[in-house]
Amino acid sequence: MIHTVKIDDTTAAGKRFMRDFCKVRKGIEFENPAVTGKVPEGYMTGEKFVRSVKEDIINYSKSNGLL
């Protein structure tokens, strides 16, 4: 059985888990989005983020009479 686990490595428990289990080679696999290139669900790429922010700024400016 495979389980998907989310670990917050900014907390003490998350750091301890990562330290203890990153060394294990059998049975545990870590997927790093920076290495695999797969963008997790709910995230957006840098290009999409910039495009979205520009659209938001233009829409806000038009609705408030700045453009």
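Residues numbered from 1 in each chain as written. Predicted model: local features only at pLDDT ≥ 70, side-chain atom pairs only at ≥ 80, totals over all residues. Heavy atoms only, no water.

**Concerning the overall build of the chain**
Rule in force here: Going along the chain from the N terminus, every DSSP run of H or I of four or more residues is numbered as a helix, and every run of E of two or more is numbered as a strand. Using C-alpha atoms as the atom set, the radius of gyration is obtained and then compared with a globule rule of 2.2 Å times the number of residues to the power 0.38. Burial classes: relative accessible area under 20% of the type maximum marks a residue as buried, over 50% as exposed, and values in between as partly exposed (1.4 Å probe, protein chains only). Here the Shrake-Rupley method, with its probe set to 1.4 Å, supplies the accessible areas, and only the displayed protein chains count as covering residues.
Along its length, the chain carries 3 helices and 0 strands. What you see in the chain, going N to C, is helices and strands ordered as α-α-α. Scaling as 2.2 N^0.38, a compact globule of 67 residues should have a C-alpha radius of gyration of about 11 Å, whereas the chain reaches 20 Å, well beyond that. In terms of overall dimensions, the chain has a C-alpha envelope of 60 × 25 × 20 Å along the principal axes. When burial is assessed residue by residue, the chain has 3% of its 67 residues classed as buried. For the chain, the exposed surface amounts to about 6700 Å²; the carbon and sulfur share of it is 56%.

**So, the packing of aromatic side chains**
Basically, it comes down to this: Classification of ring pairs rests on two measures: the distance between centres of Phe, Tyr or Trp rings, Trp counted by its six-membered ring, which must be within 6.5 Å, and the angle between planes, read as stacked under 30 degrees, edge-to-face over 60 and tilted in between.
Taken as a whole and judged by the stated rule, the model has 1 aromatic pair. Seen in terms of ring centroids, Phe17 and Phe21 are 4.7 Å apart; in terms of plane orientation they differ by 35°. Their pairing is tilted. In this pair, Phe17 and Phe21 both sit in helix H1 (residues 12-21), 4 residues apart, roughly one turn of the helix. Judged by its relative accessible area of 34%, Phe21 is partly exposed.

**Some points on the pattern of salt bridges**
Basically, it comes down to this: Counted as salt bridges are all cases of a side-chain nitrogen of Lys or Arg within 4 Å of a carboxyl oxygen of Asp or Glu.
Applying the stated criterion across every chain yields a total of 1 salt bridge. With its nearest N and O atoms 3.6 Å apart, the salt bridge here joins Asp20 to Arg19. Taking the relative accessible area as the measure of exposure, Asp20 reaches 41% and is therefore partly exposed.

Honestly, it's all geometry; don't read function into it.
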